[in-house]
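Spelled out from the first residue to the last, the chains are:
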Amino acid sequence: MNTVYESVAELSALTYPRALEEYQHEGVIKKFRDEWNVDEKQARDIFSEMKKFLYVSEIGQQKGIQIEIDETTQIIDKMWHHFILFTQDYKIFCDRFFGKMVHHAPFSSEQLAQAINDATRKGMTLDEYKLHCLEQQLGLIESAMGIETVRKWYVDYANAYSPGRMNALQRAVFHENMEHFVPPLEPEAATKMSPNEMIQGILQHTSPSMFCGRRCGRRCGTRCRITCKSCRRACR
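Reference entry: report on the structure contained in this document. As the structure is a computational prediction, the values presented were derived from the model and not from experiment.

Things to note about the pattern of salt bridges
Here comes step 1: Counting across every chain of the model gives 10 salt bridges.
Here comes step 2: For Glu26, the salt bridge identified is with Arg44, shortest N-O distance 2.5 Å. Placement of Glu26 in helix H3 (residues 26–35) and of Arg44 in helix H4 (residues 40–63) is noted, with a sequence separation of 18 residues between them.
Here comes step 3: For Arg44, a relative accessible area of 23% corresponds to the partly exposed category.

Rendered as structure tokens:
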């Protein structure tokens, strides 16, 4: 566990740990690409920036500066969501590099009320207060990661992953061939069935889209063209 405390000590010195920089999670990358139409290089780049965001957020907490996600950095937040889905791995990651769980707190009405109170206490309007907080945030990011990271998040990512662009990049829930989709068992029919008949009916109405939906027959998942090497060989 010495690594945990050494990592936290490094945070105070604003030194980005090499082990954190090198950390990868193939499952998160693949899961992210299932939902977002980006190539592997782009996904890995976003994952890398997500790690930096968590690192800077931890520094901000130590210094009393809250680091927030906004429209500019939404794509980083989306990658964070996918990482959190791997709950056990995410906890191990947080314990290793930050010595504690790094929780995700979505924006809420309570946070807005707190921001209004803080702005009033400082004699600012809410807009002035938000700009003040953003200026602090940008300064901390520059101190911790350099001006290149500020530019990447707030200029490069702001353009490459704008709200409109993200709407275009997000895949539909079912984005494979829909011709194999089987309608589910109808509620009216189910009410007339015995428990055993209902179970058999559900099995008969199981959609092949839950499996491969292609020709290899391996039942490896509806998005196997991205994640399954065997399917890329067999399903051509």
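Concerning the packing of helix H8 (residues 126–145) against helix H9 (residues 147–160)
A packed helix pair is summarised by two numbers, namely the angle formed by the two axes and the spacing between the axes.
Here comes step 1: Running from amino to carboxyl end, H8 crosses H9 at an angle of 130 degrees, the nearest separation of the two axes being 6 Å. On the basis of their axis angle, the class for H8 and H9 is oblique. Residues Leu134, Gln137, Leu138, Ile141, Glu142 and Met145 of H8 lie in contact with H9, whose contacting residues are Ile147, Glu148, Thr149, Val150, Trp153 and Tyr154.
Here comes step 2: Class assignment of the residues belonging to the contact of H8 with H9 gives a composition of eight nonpolar, two polar and two charged.

Looking at the layout of surface pockets
Here comes step 1: Each pocket or cavity is described by its volume, and for the largest pocket that value is around 1,300 Å³.
Here comes step 2: As for the largest pocket, its lining consists of 37 residues, of which Gln66, Ile67, Glu68, Ile69 and Gln111 are closest to the centre.
Here comes step 3: Counting only elements with at least two residues in the lining of the largest pocket, the list comes to H4, helix H5 (74–85), helix H7 (109–121) and H8.
Here comes step 4: Split by residue class, the lining of the largest pocket holds 17 nonpolar, 12 polar and eight charged.

Looking at the nonpolar core
Here comes step 1: With 41 residues, the main nonpolar core has Tyr55, Ile75 and Phe93 as its most contacted residues.
Here comes step 2: Looking at this core, the elements with two or more residues in it are H3, H4, H5, helix H6 (87–98), H8, H9 and helix H10 (163–169).
Here comes step 3: Those residues in contact with Ile75, other than ones at most four positions away along the chain, are Phe32, Trp36, Ile46, Tyr157, Tyr161 and Met166.

Thoughts on the environment of Lys78
Here comes step 1: Relative to the elements of secondary structure, Lys78 occurs in helix H5.
Here comes step 2: Look at Lys78 and you get partly exposed, because its relative accessible area is 24%.
Here comes step 3: Residues Lys78 and Ile46 lie 32 residues apart in sequence; the distance between their C-alpha atoms is 9.4 Å.
Here comes step 4: Setting aside anything within four residues of it in sequence, one finds Lys78 in contact with Phe32, Trp36 and Met166.

A look at the side chain of His25
Here comes step 1: With respect to the helices and strands, the residue His25 is situated in the loop between helix H2 (18–22) and H3.
Here comes step 2: Looking at His25, its side chain comes within polar contact range of the main-chain nitrogen of Val28, at 3.1 Å.
Here comes step 3: Here the side chain of His25 touches Asp89 through a polar contact of 2.7 Å, side chain to side chain.

What counts and what doesn't
Residues numbered from 1 in each chain as written. Predicted model: local features only at pLDDT ≥ 70, side-chain atom pairs only at ≥ 80, totals over all residues. Heavy atoms only, no water. Salt bridge = Lys/Arg side-chain N within 4 Å of Asp/Glu carboxyl O. Helix = DSSP H or I, 4+ residues; strand = E, 2+ residues; numbered from the N terminus. Buried < 20%, exposed > 50% of the residue type's maximum accessible area, 1.4 Å probe, protein only. Axes fitted to C-alpha atoms, helices over the stretch in contact; angles between N-to-C directions. Parallel < 35°, antiparallel > 145°, perpendicular 65-115°, else oblique. Contact = heavy atoms within 4.5 Å. Nonpolar A, V, L, I, M, F, W, Y, C, P; charged D, E, K, R; others polar. 1 Å grid on protein atoms, 1.4 Å probe; cavity = no way out; pocket = protein on both sides within 12 Å on 5 of 7 lines; lining within 4 Å. Points joined across faces, edges and corners; volume = space filled by probe spheres on them. Core = buried A, V, L, I, M, F, W, Y, C linked by side-chain atoms within 4.5 Å. Polar contact = N/O pair within 3.5 Å; in protein donor to acceptor, adjacent residues only side chain to side chain.

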